[in-house]
Amino acid sequence: MGVRVRRGSPEFRPALPRVAVVLRRWWPEVALGVGVVLAILGPVLGRGYVLRYDLVFVPDPPFGAMVWGSGSELPRAVPSELLAVGLAQLLPADVAEKVLLAGCLALAAVGAARLAPVSHPVARVAAGLAYVWNPWVYGRLHLGQWAVIAGYAALPWAYAWVLGVLRPPGGGIGPGRRWSVAGGLAVVLGGPALVLAAVLSCAPALALARRWRALVAGAATLAGLTAPWLVALMNRGGAVDLDERGVAAFAVRADTPLGVLGSVATLGGVWSRHAVAVGRDRWPVALLALVLAAAALWGYALTRRRWPSAAWWGLLVGAAVGTVIALVPAWPVGAQWMVALVEHVPLAGAVRDGTRLLAPLALVQAVGLGMLVESLATAGARPLAPLVMIAPVLLLPGLAWGLGGQLDTVRYPAEWSAVREVVNRDPAGGSLVSLPWASFRAYRWAGNVPVLDPAPRAFRRPVIGDQDVLVGRDRIRGESRDADRVAQALAVPGDPAPGLRRLGVRYVLIQTDQPGAAEVAGRFAGAEMVRRDGTLTLLRLPDTGSSGSTGSVGIGPALGYSVLGATLLIILLPPATRRRRMLLCGHFCRRDRQ
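Keep in mind it's a predicted model, so treat the numbers as computed, not measured.

Novice: Break down the pattern of salt bridges for me, with residues and values.
Specialist: Tallying each qualifying case throughout the model produces 18 salt bridges. The partner of D94 in a salt bridge is R47, and the shortest N-O contact between them spans 2.7 Å. Of the two residues, D94 sits in helix α5 (residues 93-115) while R47 sits in the loop between α2 (27-41) and α3 (65-68), which places them 47 residues apart along the sequence. Under the relative-accessibility criterion, R47 is labelled partly exposed at 48%. Salt bridges here are not isolated pairs; linked through shared partners, they connect E29, R114 and R124.

This is how it looks when you write it as structure tokens:
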């Protein structure tokens, strides 16, 4: 009797040949992704932490209150903090930070390069390079907003899914449907502003094409992906009391001699004067940047024959609407409208920083520049094609090599680990208050760069700190009710310990290397000294009667992340036919035995 040799199922073929095929087809994008990461993050790819403004990673981060969004502040770090902490369980936290930063930049470059309807390698590189190498990315990287960059990086992948719905890509142009869905999932990391940018980009195209099923499916997917911060927002309870002065403080501003319109057209206008690249205030650089932006828009007009009409108009409409929303607060009447919107719509405050909504415009310009370069390369002007390709780099050299040397790696002093171990080992309930009362720190051991207080990410129990933000001379009030109550207790003359005890505070952490720390420490006369090491002093307040675990997860966060997990499972499962094979295992086994 002959022996029947059963062929392996296609589902379980070795992955190595597939990787080889991808590398052979995507080699310009792979080279671009690696090159961009090395060019921008080269100085900080070694060991150590990059601490800068919102970019805060700590050693051995726990799954604390910030991860679940269970505090009284707005859940801005949900679900991005879960990804960061989860990855830090598999890798050292400083390595995880570099992986996330590099992944965001590479995802953005590769996604835009594959989205552009071009086939010439130089043109694909031009599209990806334009999407990464611009003032928008510079400003977000300067401010340490890695999660915002992640949402920005997912935008071309999300739009590639739209193109796949309207017309499956052919001829090797564009990422496949599964790649697009997987890459587009990261848009939720960017928070409400980048989710809105994705809606502005994708919804008009689907609506113009009357693909209502896809529109409903996309809305349901976004609802599932954003469930953690939606549930956390509802679980927070009460209205979101946002400081109306934040509308003017975070409004777009002119960072070039071209005014607000010219700055926005060249993907600038960030609210922070410190987040503007050197040279953008010079007329030659500003004019050349405007010429490049206009040329990119002209190149986008050339793509109309290569994309479905609904896709072409949809992305253009999304870019126009996002730009208008970004510009509205720059004028007095528009600022009044935005203030009224922030007062009555809870999530409107999340888009006070309107320059985030310039992401669709950046995608339009990147696709257009890729098309322009391909036109030059195939129309007898080949010498100009490489020059246009590297034009974004020539106009913005400050993005290279760690923002021109501004990024650096540091190590936390040993006392941070010692204090964290003491606090996290305590099974008693109660929160921790971080002092001095300021939202940002400037550590000598970290180069005196402004950085958010690391304490909320270092401890398992809830950490209460100042939520106000200083923008120029304006102090923008935070949204945490717990922080407001602690601030009132600290404002009372004398020992603040009794007032803090009534608020359920168990520990007080004083960072003694910050201004005003000595005066703060002297006020706690009746607190127990637990540790005093170098730059940290840990005080324990008398027992407040609270008990129980400090690391428990409430029903709200559990529900939100359960919905997120279910959504990811549904999205990433194989096609329906393959699912039926897997589910009908009885029939599958009976057929095998025949």
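After presenting the structure, the write-up continues.
Novice: So what's going on with the pairing of strand β8 (residues 528-533)? Residues and values would help.
Specialist: Relative to strand β9 (residues 536-540), β8 runs antiparallel, the two being bridged by five bridges. Each residue of the ladder has a partner; that of R532, found in β9, is T537. Hairpin connection between β8 and β9: a loop of two residues separates the two successive antiparallel strands, and G534 in this loop has a positive phi of roughly 45°.

Novice: Please provide a residue-by-residue account of a nonpolar patch on the surface, values included.
Specialist: A cluster of nonpolar side chains, L23, V30, V34, L38 and L45, forms an exposed patch at the surface whose accessible area comes to about 390 Å². It is α2 that provides the largest number of residues to the nonpolar patch, a total of three residues. Tracing the backbone shows L45 in the loop between α2 and α3.

Novice: Explain the nonpolar core to me, using residue names and the numbers behind them.
Specialist: I40, L41, Y131, W146, Y159, W307 and F459 are the most contacted members of the largest nonpolar core, which has 130 residues in total. The contact partners of L41, leaving out residues within four places of it in the chain, are V36, L101, A102, L105 and L407. Judged by nonpolar contacts, the second largest core, of 18 residues, contains L490, L500, V508 and V520.

Novice: Give a detailed account of the packing of aromatic side chains, specifying residues and quantitative values.
Specialist: For the structure shown, the criterion picks out 17 aromatic pairs. Considering the side-chain rings of Y159 and W307, the 5.9 Å spacing of their centres and the 45° angle between planes classify their relative orientation as tilted. Of this pair, Y159 sits in helix α8 (residues 146-166) while W307 sits in the loop between α15 (283-302) and α16 (309-327), and the two are 148 residues apart along the sequence. Residue W307 is classed as buried on the basis of its relative accessible area of 6%. Measuring from centroid to centroid gives 5.3 Å for Y412 and W445, while their planes differ by 50°, and the two rings are tilted. Here W445 lies in the loop between β2 (440-442) and β3 (450-452) and Y412 lies in the loop between α21 (400-405) and α22 (414-425), a separation of 33 residues in the sequence. In this structure Y412 comes out as buried when scored by relative accessible area, which is 11%. Each member of the aromatic cluster is reached from another via a ring pair, and the members are Y49, Y412, W416, Y443 and W445. In this structure, R140 is placed above the aromatic ring of W136, and the distance from its NZ or CZ to the ring centre is 5.5 Å. Here the basic side chain of R304 rests over the ring of W312, its NZ or CZ set 5.2 Å away from the ring centre.

Cut-offs applied
Residues numbered from 1 in each chain as written. Predicted model: local features only at pLDDT ≥ 70, side-chain atom pairs only at ≥ 80, totals over all residues. Heavy atoms only, no water. Salt bridge = Lys/Arg side-chain N within 4 Å of Asp/Glu carboxyl O. Helix = DSSP H or I, 4+ residues; strand = E, 2+ residues; numbered from the N terminus. Buried < 20%, exposed > 50% of the residue type's maximum accessible area, 1.4 Å probe, protein only. Pairing = 2+ DSSP bridges. Patch = residues over 30% accessible without salt bridge, like charges linked within 9 Å, V, L, I, M, F, W, Y side chains within 5 Å. Areas by Shrake-Rupley, 256 points an atom, 1.4 Å probe, with all protein chains shown as cover. Core = buried A, V, L, I, M, F, W, Y, C linked by side-chain atoms within 4.5 Å. Contact = heavy atoms within 4.5 Å. Phe/Tyr/Trp six-rings, centres within 6.5 Å; stacked < 30°, edge-to-face > 60°. Lys NZ or Arg CZ within 6 Å of the ring centre and 35° of its normal.

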